[in-house]
Amino acid sequence: MVNAVVGANWGDEGKGKITDMLAKEADIIVRFQGGANAGHTIVNNYGKFALHTLPSGVFYEHTTSVIGNGVALNVPLLFKEVQGLVERGVPAPKLLVSDRAQIVMPYHILFDQYEEERLGGNSFGSTKSGIAPFYSDKYAKIGFQVSELFDEKTLKEKLERVCATKNVLLEHLYHKPKLDTQEIFEELMRYKEMVAPYVCDVSLYLWNAIAEGKNILLEGQLGSLKDPDHGIYPMVTSSSTLAAYGAIGAGVPPYEIKKIITVCKAYSSAVGAGAFVSEIFGEEADELRRRGGDGGEYGATTGRPRRMGWFDVVASKYGCRIQGTTDVAFTVVDVLGYLDEIPVCIGYEIDGKITTDFPTTSLLEKAKPVIEVLPGWKTDIRGIKNYEDLPENCRKYIEYIEEKIGFPITLISNGPGRDDIIYRNK
Ligand code: GDP
């Protein structure tokens, strides 16, 4: 059986925690898109970890961690991450890397930096991990698959060709030093050595695993609103963040994905530029940011402060719908325990009209939040295991949001740890 864990919002919903928790029952966990540009924070018996490329199931001895073909693979970072885990006492992961995954080239990172510099105030707020140049090259058909590392002659020829076009841009658009093909080739040979023991025909491996009845989890990065097709284009990421893309980025039949567990945050946070209708500012935002997540809402990869907002029904309803949600995991509910009253954005006012349907970007820029205020519960709910034991106002908050978004909340996360979870039968 294949299940997917994906995000309903702008990312940082707590997918890592939910995947780590669900991985207990899984055999194989697959990353199917994105790269090392975002991170999952996980707190478990080994400590607190920020993962960037490895799937969040990596902490169990019984799981196999797979880097699917849809991932932007930064080879040295992947192995640095593996080393970082082993140094802290985590058993060396059973790792497989798709032979069709493409490689983040050293120049992708340079181009990401140069382009953000060139755009200045109009930049996308990229993490400068090379993700946008990587996916541009993939679809321009000048990317490099892992499998290409093993044919040195062809690799060298292609590298010469690709670097020639890159150098035109470097010289004339960015006014930066040109690429040295030989140097890049040698770097790629180092990548080959690192990755060789793990290379695998992943779609075939997963096909066989499904036939054997194995339990497979697909782990998404970022969330619905960062999807290049359905998100807040162009302030999106460069690969699809949707569960449907899990079929492509891992190479499994779409009909095998049985459960789509969409992780949805009890308030909002976002990084990077773009419209964020329920955003709050000043002391109100600072306090939520300070109390949020596990030790504050700061990027797992970049450390930059996240933008904060109240729960957004319009964005979350859409985010869950576009994922094809079967189950909602509602996270960081404990964080809201300090509030007397909890504002919720229940609609958008656009040109004098109120809507609950998420609009395209140009209209989104004009949207003003319609706020409803719910009573808070003013207690610490960490440690509670049964839904019925939650304070009444907390249950009311959850049920109100469930009704508004229209998808069943079957998991409630009330703390960063693996066991901070409440199962709710629907
Ligand atoms: P991801 O990218 O979706 O995995 O999310 P991040 O790891 O970037 O951000 C989630 C943050 O919230 C992490 O610091 C988690 O440890 C933390 N977290 C996850 N679930 C909960 C929860 O229910 N309560 C609290 N307080 N923190 C949580």
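Nothing here was measured: the structure is a model prediction, and the numbers come from that model. (Residues numbered from 1 in each chain as written. Predicted model: local features only at pLDDT ≥ 70, side-chain atom pairs only at ≥ 80, totals over all residues. Heavy atoms only, no water.)

A. Up close: the layout of surface pockets. Of the volumes computed, that of the largest pocket is approximately 1000 Å³. As for the largest pocket, its lining consists of 44 residues, and the residues nearest its centre are Phe-124, Ser-126, Ala-132, Val-236 and Ser-238. Looking at the lining of the largest pocket, the elements that each hand over two or more residues are helix 3 (106-119), helix 4 (131-139) and helix 5 (152-174). Each residue belonging to the lining of the largest pocket can be placed in one class, and the counts come to 21 nonpolar, 14 polar and nine charged. Formed jointly, the lining of the largest pocket draws a minimum of three residues from each of two domains, domain 1 (2-84 + 204-423) and domain 2 (102-197). (1 Å grid on protein atoms, 1.4 Å probe; cavity = no way out; pocket = protein on both sides within 12 Å on 5 of 7 lines; lining within 4 Å. Points joined across faces, edges and corners; volume = space filled by probe spheres on them. Helix = DSSP H or I, 4+ residues; strand = E, 2+ residues; numbered from the N terminus. Nonpolar A, V, L, I, M, F, W, Y, C, P; charged D, E, K, R; others polar. Domains from an automatic or database assignment.)

B. Structural context of the sheet that holds strand 10 (residues 216-219). Spatially, 10 strands are ordered 9-7-5-2-10-1-11-16-20-21 in an open sheet, and the strand pairing comes out mixed. Looking at which strands have only one partner, the edges of the open sheet turn out to be strand 9 (199-200) and strand 21 (421-423). The sheet contact formed by strand 5 (residues 64-67) and strand 7 (residues 94-98) spans four bridges and is parallel. The partner of Ser-65 across the bridge, within strand 7, is Leu-95. Running at roughly 125° to strand 11 (residues 257-265), helix 8 (residues 243-250) makes contact with strand 1 (2-7), strand 2 (28-31), strand 10 and strand 11 of the sheet. (Pairing = 2+ DSSP bridges. Contact = heavy atoms within 4.5 Å. Axes fitted to C-alpha atoms, helices over the stretch in contact; angles between N-to-C directions.)

C. Summary view of the pairing of strand 17 (residues 341-350). When you tally the buried positions in strand 17, you get eight out of 10 residues, the bulk of the element. When strand 15 (residues 311-312) meets strand 17, the two strands line up parallel, connected through two bridges. The partner of Phe-311 across the bridge, within strand 17, is Val-344. Direction of pairing for strand 17 relative to strand 18 (residues 353-355): antiparallel, over a ladder of three bridges. Looking at strand 18, one finds that Ile-350 is bridged to Lys-353. In this antiparallel pair of consecutive strands, strand 17 and strand 18, the connection spans two residues, and Asp-351 shows a positive phi of 50°. (Buried < 20%, exposed > 50% of the residue type's maximum accessible area, 1.4 Å probe, protein only.)

D. Region of interest: the UniProt feature "active site" (unreviewed entry) in the protein chain. UniProt records the feature "active site" (unreviewed entry) at Asp-12 and His-40, using the numbering of this structure. Their sequence span is 29 residues, while the largest C-alpha to C-alpha distance among them is just 7.3 Å; these annotated residues converge on one region. Of the annotated set named above, Asp-12 line the largest pocket. Sequence-distant contacts of Asp-12, defined by excluding residues within four places in its chain, comprise Gly-39, Lys-265, Ser-269, Val-271 and Arg-306. Counting through the fold element by element, His-40 comes out in strand 3 (residues 40-44). For His-40, a relative accessible area of 5% gives the class buried. Not counting chain neighbours up to four residues away, the residues in contact with His-40 comprise Lys-15, Gly-16, Phe-49, Ala-50, Leu-51, Ser-56, Glu-219, Gly-220 and Gln-221. (UniProt positions renumbered as here; feature names shortened; annotations may be inferred.)

E. Quick peek at the sheet that holds strand 12 (residues 268-270). Taken together, three strands build an open sheet; the order of strands is 12-14-13 and the sheet is antiparallel. Both edges of this open sheet fall to strand 12 and strand 13 (279-280), since each of them pairs with a single strand only. As paired strands, strand 12 and strand 14 (residues 307-309) are joined by three bridges and run antiparallel to one another. Note that in strand 14 the partner of Ala-270 across the bridge is Arg-307. Packed on one face of the sheet, helix 9 (residues 282-291) meets strand 13 and strand 14 and runs near 100° to strand 14.

F. Highlighting the site of the ligand. Near the ligand there are 20 residues, and of these Lys-15, Gly-16, Thr-41, Asp-334 and Ser-413 occur at the shortest range. One of the side-chain N or O atoms of Asp-12 is found 3.0 Å from an oxygen atom in the ligand. Within the side chain of Arg-382, one N or O atom sits 3.4 Å away from a nitrogen atom of the ligand. Considering the ligand on its own, with 590 Å² of exposed area, one finds that the protein chains cover 97% of that surface. When each cavity is represented as a set of grid points, the ligand is found to reside in the second largest pocket. For the shell around the ligand, the secondary-structure elements that each account for two or more residues are helix 1 (15-22) and strand 3. No other element matches the three residues that helix 1 contributes to the shell around the ligand. Counted by class, the shell around the ligand contains three nonpolar, nine polar and eight charged residues. (Near = heavy atom within 4 Å. Polar contact = N/O pair within 3.5 Å; in protein donor to acceptor, adjacent residues only side chain to side chain. Areas by Shrake-Rupley, 256 points an atom, 1.4 Å probe, with all protein chains shown as cover. Sits in = over half its atoms within 2 Å of the grid points.)

G. Representation of the domain arrangement of the protein chain in the model. In terms of domain boundaries, the protein chain breaks down into domain 1 (2-84 + 204-423) and domain 2 (102-197). The distance between the C-alpha centroids of domain 1 and domain 2 comes to 30 Å. Across the contact, 24 residues belong to domain 1 and 19 residues belong to domain 2. Carbon and sulfur atoms supply 63% of the area buried between domain 1 and domain 2, which totals about 1600 Å² over both sides. (Buried area = accessible area lost by both parts, 1.4 Å probe.)

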